[in-house]
Amino acid sequence: MPRSLQVMSNTIVVGAQWGDEGKGKIVDFLTENTDVVVRAAGGSNAGHTVISNGQKYILHLIPSGILWEDKLCIIGNGVVIDPFGLLEEMAKLRSQGVKISAKNLLISETAHLVMPYHKALDRAREAKRGAKAIGTTGRGIGPAYADKIERNGLRAILLTQPEKLAVELRERIISNNEFIVAAGIEAVPVEETIEKVLAAAATLAPHITNTVVACHEAIQAGKNLLFEGAQGTYLDIDHGTYPFVTSSNTTSGGACTGSGVPPRMIDKVVAVCKAYTTRVGSGPFVTENDAIGDMLHNMGREFGATTGRARRCGWLDAVLLRYAVMVNGADELAITNLDGLDGLDEVQICTAYELRGQTLNYPPSTIEDIEACVPIYERHPGWKTDLSQIKNFADLPPLAKSYLKRVEELTGAKISLLGIGPAREQTLVA
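What counts and how
- Residues numbered from 1 in each chain as written.
- Predicted model: local features only at pLDDT ≥ 70, side-chain atom pairs only at ≥ 80, totals over all residues.
- Heavy atoms only, no water.
- Helix = DSSP H or I, 4+ residues; strand = E, 2+ residues; numbered from the N terminus.
- Buried < 20%, exposed > 50% of the residue type's maximum accessible area, 1.4 Å probe, protein only.
- Contact = heavy atoms within 4.5 Å.
- Salt bridge = Lys/Arg side-chain N within 4 Å of Asp/Glu carboxyl O.
- Phe/Tyr/Trp six-rings, centres within 6.5 Å; stacked < 30°, edge-to-face > 60°.
- Expected span 1.5 Å × (residues − 1).
- Arc of directions from axis to C-beta.
- Polar contact = N/O pair within 3.5 Å; in protein donor to acceptor, adjacent residues only side chain to side chain.

> I keep staring at the environment of Gly304 and nothing clicks. Help me out?
Within the secondary structure, Gly304 sits in the loop between α10 (290-298) and β13 (312-314). A relative accessible area of 13% places Gly304 in the buried class. Measuring from C-alpha to C-alpha, the distance between Gly304 and Thr49 comes to 9.6 Å, with 255 residues separating the pair along the chain. Aside from chain neighbours lying at most four places away, what touches Gly304 is Arg309 and Arg311.

Have a look at this one:
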């Protein structure tokens, strides 16, 4: 391990692109040297894939640290939780031999709940947008966050108060069904839904606690905390390619508000990005390249862990990375999927945009301007080497090293970790 990974520290891991960067793999790798793993934002629309000891695990709400027996995992107050999705995830992990209990998985009592009517609202609103649909996963994330902001949400602490939960839930189902039915979507059944939610509540209630206190007690005890980001910088509600974004703060600041751990207690930020660029759903994508997408899809790569959708693909965009490093205060980069470029004679990096005769080093803020941008590329010779079996960073081919060095120069952050395959052991320390 490099010196920076050995010292006691509280570290935030964030995505530097549009999500799907391999954060789960990086968090899993870093968890060996941490004590507590905290998920602080997003919902079940996120999907982290981790391969350990030849077994594939897909996580949506539970932090990747759950795969380590001696670690404490926390779902923080900034997360919106689908109780049914969480129970399904717990059951699947247990079937794979993962131990989950109220001792190693804590849920914030102030996290908001995603209810069945939120999913129906999500579908109804997307249908209403028509050609302007955002491309949501339909999992109710946006409507749940909207209720939170409108101060009309249901919080996890209600799972420990079944009588009150039933009253609150009945009221909201009836109220929201008016819009749902008007939009042509089937109404959410009232009593059946309440019965199912109460059953889920009974199972989840032992996990629910004040996780802010749990985080601070761990810090006071000298433990290391690792904050697991969901989605990526450009899906951030404030800093992303709005409106084609998610409904939470996916940047490093969201880890603080979503956990109750203040910025002064954060020691380091690691930004994760692929060696190329991908995104799912609608929205602008300056470096999108169909040939790169076809190549990666034919390799069986770049299909969403949550939705199964084929991801849009393109060359590495250093304009996006440069800004992501700035917004997140990233100290280090973790580059994943470098092996996806192994077979190419030439690789390209977008170093700047051209917009109506101007050269831009940072992305513009409006969709119209981003869509009008033309990428300015640097061309680098490919390394034409199978990287997947390399055991040490020093053994990388010189052309791969020079590509990575150029990424450091363009972004202003040092590369600390490198992924050359999906398995935990296919992670190199720079």
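> Before we go on, may I ask you to explain unusual backbone geometry in this structure?
For residues other than glycine, phi is negative in most cases, and the peptide bonds are mostly trans. Omega for the bond connecting Tyr242 with Pro243 falls within 30 degrees of zero, at 10 degrees, which places this linkage in the cis form. The topology assignment puts Pro243 in the loop between β10 (225-228) and α9 (252-257). With phi around 65 degrees, Asp20 is a residue other than glycine that occupies positive phi space. According to the relative accessible area criterion, Asp20 is partly exposed, its value standing at 25%.

> In this structure, what is going on with the pattern of salt bridges? I would like to understand it.
If charged atoms from side chains of opposite charge come close, those side chains can pair. For the structure shown, the criterion picks out 20 salt bridges. Note that Lys268 is salt-bridged to Glu332, the shortest N-O span being 3.8 Å. Of this pair, Lys268 sits in strand β11 (residues 268-274) while Glu332 sits in strand β15 (residues 332-336), and the two are 64 residues apart along the sequence. Look at Glu332 and you get buried, because its relative accessible area is 9%. For Arg301, the salt bridge identified is with Asp339, shortest N-O distance 2.3 Å. A residue pair is termed long-range when its members are at least 10 positions apart, and Arg301 in the loop between α10 and β13 and Asp339 in the loop between β15 and β16 (346-355) qualify at 38 residues. Both residues of the pair, Arg301 and Asp339, count as buried. Each of Asp20, Lys274, Glu302 and Arg311 takes part in a single network of salt bridges with overlapping partners.

> Explain the packing of aromatic side chains to me, please; I cannot follow it from the model alone.
One pair of aromatic rings is described through two measures. These are the centre distance and the angle between the planes. Inspection of every chain in the model, using the stated rule, returns four aromatic pairs. Taking 5.5 Å as the distance between ring centres and 55 degrees as the angle between the ring planes, the aromatic pair formed by Trp383 and Tyr403 counts as tilted. Of the two residues, Trp383 is situated in the loop between β18 (374-381) and α13 (398-411) and Tyr403 in helix α13; the sequence distance between them amounts to 20 residues. In terms of burial, Trp383 and Tyr403 fall into one category: buried. Three or more aromatic residues joined by ring pairs form one cluster here, namely Trp18, Tyr234 and Phe285.

> How should helix α3 (residues 83-95) be read in this particular structure?
Helical geometry note: an α-helix holds 3.6 residues per turn, so side chains three or four residues apart project in the same direction. Relative to the 18 Å expected for 13 residues at 1.5 Å per residue, α3 spans 18 Å between its end C-alpha atoms, a close match to the ideal helical length. All of the buried residues in α3 are Pro83, Gly85, Leu86, Glu89, Met90 and Leu93. End-on, the buried residues of α3 take up no more than an arc of 160 degrees, which puts them together on one face. Relative to its buried face, α3 has exposed residues pointing more than 90 degrees away, namely Glu88, Lys92 and Ser95. Two or three places before Phe84, at the start of α3, stands the capping residue Asp82, its side-chain oxygen 3.1 Å from that residue's backbone nitrogen. Within two residues after α3, Gly97 carries a phi angle of roughly 90 degrees, on the positive side.

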